[in-house]
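Architecture and fold: a report
The primary structure of each chain is shown beneath.
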Amino acid sequence: MSVTKAPPPTRDTGEDPRPAPRVEADRRLNSPLVLTLLMLLVVLLQGPIRGALGAPVMQSWMTVFVAVLVQALPFLVLGVLLSAAIAVFVPPSFFARALPKNPALAVPVAGVAGAVLPGCECASVPVAGALVRRGVTPAAALAFLLSAPAINPIVLTATAVAFPRDPEMVVARLVASLLVACAMGWLWLRLGRTDLLKPPARHAYEGQGRGAAFWGSVRHDVMHAGGFLVVGAMAAATLKSVVPQSWLRTAAENPVIAVLALAALAVVLSICSEADAFVAASLTQFSLTARLTFLVVGPMIDLKLFAMQTGTFGRAFALRFAPATLALAIVVSVLTGWVML
C-alpha cells in the first residue's frame, strides 16, 4: 500500500500568498500620469502650438469648429434632458395603450408620435426595444425608432435655426423622414421575420431610483452625443478649411456623387440628430437635396446606431434592417428634394 506524502508545512509569515492585484492599481495610476505628461508636453511645445494656431488655415478651422459647437450645444443639452425624462418617467406601457391594435394603422401613428417626443437616436433605440418587449407590434416600434430622432420638435427647431434662409428645409426633412419611417415599418410588417428580432430582456433602468436613472441617462447621453458632436464639428471644420475647395466643388457639381458622398458622411460621422443640421448648414458647396439626404440618413442609420441596433435587436436584424433603411432614405430624400427644394 502506497503512502502519499503530505506537503511540507509552510511557515506562516502573515503575508497573503496570492499575487497583488496590480492591474487595478496600474489603471488608477495611468490616467493621471497620462494627463500630467500631456500637460507637460503642451507647456514644452507651446511655442510651436501657438504658431500653428496662428496660421490662417487653423484660424479658419477654429472659427468653423467653435461656431458649430456654440450653435448646436443648447439644442443638444435640451434634447438630452427631455430624452432622459421620457425614458425614465414615461412608462413604456403608455405607448402600448396609445397605439391602435391594427398593426398597419399602428405604424403611421407610431411614426407621427415621434414628432411629439423629443430625443436623439441614442434614446430611441432602447425605447423601441422596450416597446417590443411590452407587446407593441415590432413594425410600429421600428417606425418610432426611425422617426423620433428625425422629426421631433428639438430637431426641427434646430434645423430652422441652422437654415434661416431655407425654411422649406424643415418641411422637407419632416416629410422625407416620416415617409421613410412609415415605409420601413410597413416593409417589416410585410417581409419581417419575428425570429430575427431579439429585444432586450429588461429595461436599462430597472432596479434604480428615478432620480439616479434620470441623471445616469443624462450623463450617458451627454458623453456619447457630445463626443459625436465634437467629432462632427471637427469634420465640418476640416471639410471647410483644409480640404481643397476644388475637390468639394467637383463632388458637389455632380448631383449623384454629392448625394452619395453626404449619405456616406452621415453614416461615418454619427452626429447626434440635435446637432447635425448645423454641420449640414456649413457644407454650403453642396445642394439642398444633398444636405437633405445627410439630415435624413444620419438619424436613421450610422455607425453608432448600427452598433446599438445590433446590441438591442441582434446582429441578424441589424444586417438586414440597416442597408434597407439606408437605401430607402437616399431614394426618398432625393425624391423629396426634387419636389420640395
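A short tour of the structure in this document, coming up. (Residues numbered from 1 in each chain as written. Predicted model: local features only at pLDDT ≥ 70, side-chain atom pairs only at ≥ 80, totals over all residues. Heavy atoms only, no water.)

**What about helix 5 (residues 103–113)?**
Buried within helix 5 we find Ala 106, Val 107, Ala 110 and Gly 111. Mapping the buried residues of helix 5 onto a view down its axis gives an arc of 130 degrees, with all of them on the same face. Those residues of helix 5 hidden inside the fold are in contact with helix 7 (138–151) and helix 9 (168–191). Two or three places before Ala 104, at the start of helix 5, stands the capping residue Asn 102, its side-chain oxygen 3.0 Å from that residue's backbone nitrogen. (Buried < 20%, exposed > 50% of the residue type's maximum accessible area, 1.4 Å probe, protein only. Helix = DSSP H or I, 4+ residues; strand = E, 2+ residues; numbered from the N terminus. Arc of directions from axis to C-beta. Contact = heavy atoms within 4.5 Å. Polar contact = N/O pair within 3.5 Å; in protein donor to acceptor, adjacent residues only side chain to side chain.)

**Considering the packing of helix 14 (residues 288–297) against helix 16 (residues 315–340)**
Between helix 14 and helix 16, the least distance of the axes is 9 Å, while the angle of their chain directions is 140 degrees. When the axis of helix 14 is compared with that of helix 16, the two are oblique. Classified by chirality, the crossing of helix 16 by helix 14 is right-handed. Here helix 14 contributes Thr 289, Leu 292, Thr 293, Val 296 and Val 297 to the contact with helix 16, which in turn contributes Leu 326, Ala 329, Ile 330, Ser 333, Val 334, Thr 336, Gly 337 and Trp 338. Considered class by class, the residues forming the contact of helix 14 with helix 16 number eight nonpolar, five polar and no charged. (Axes fitted to C-alpha atoms, helices over the stretch in contact; angles between N-to-C directions. Parallel < 35°, antiparallel > 145°, perpendicular 65-115°, else oblique. Left-handed = near helix turned anticlockwise from the far one by under 90°. Nonpolar A, V, L, I, M, F, W, Y, C, P; charged D, E, K, R; others polar.)

**Observations concerning the packing of aromatic side chains**
Think of a pair of aromatic rings as described by two things: how far the centres are apart, and how the planes are tilted against each other in angle. By the definition in use, this model includes two aromatic pairs. On the basis of an interplanar angle of 75 degrees and a centroid distance of 5.5 Å, the ring pair of Trp 188 and Phe 317 is categorised as edge-to-face. Of this pair, Trp 188 sits in helix 9 while Phe 317 sits in helix 16, and the two are 129 residues apart along the sequence. A residue is classified by how much of its surface remains accessible, and Trp 188, at 14% relative accessible area, is buried. Residue classification places Phe 317 among the buried residues on the basis of a relative accessible area of 1%. Pairing Phe 317 with Phe 321 gives two aromatic rings, centres 4.8 Å apart and planes at 20 degrees, and the pair type is stacked. Of this pair, Phe 317 and Phe 321 are both found in helix 16, four residues apart, which corresponds to roughly one turn of the helix. (Phe/Tyr/Trp six-rings, centres within 6.5 Å; stacked < 30°, edge-to-face > 60°.)

**A look at the pattern of salt bridges**
Inspection of the entire model under this criterion finds one salt bridge. Where Arg 173 meets Asp 276, a salt bridge forms, and the shortest distance between an N and an O atom there is 2.9 Å. Of this pair, Arg 173 sits in helix 9 while Asp 276 is found in helix 13 (residues 276–282), placing the two residues 103 residues apart along the sequence. Given a relative accessible area of 1%, Asp 276 falls into the buried group. (Salt bridge = Lys/Arg side-chain N within 4 Å of Asp/Glu carboxyl O.)

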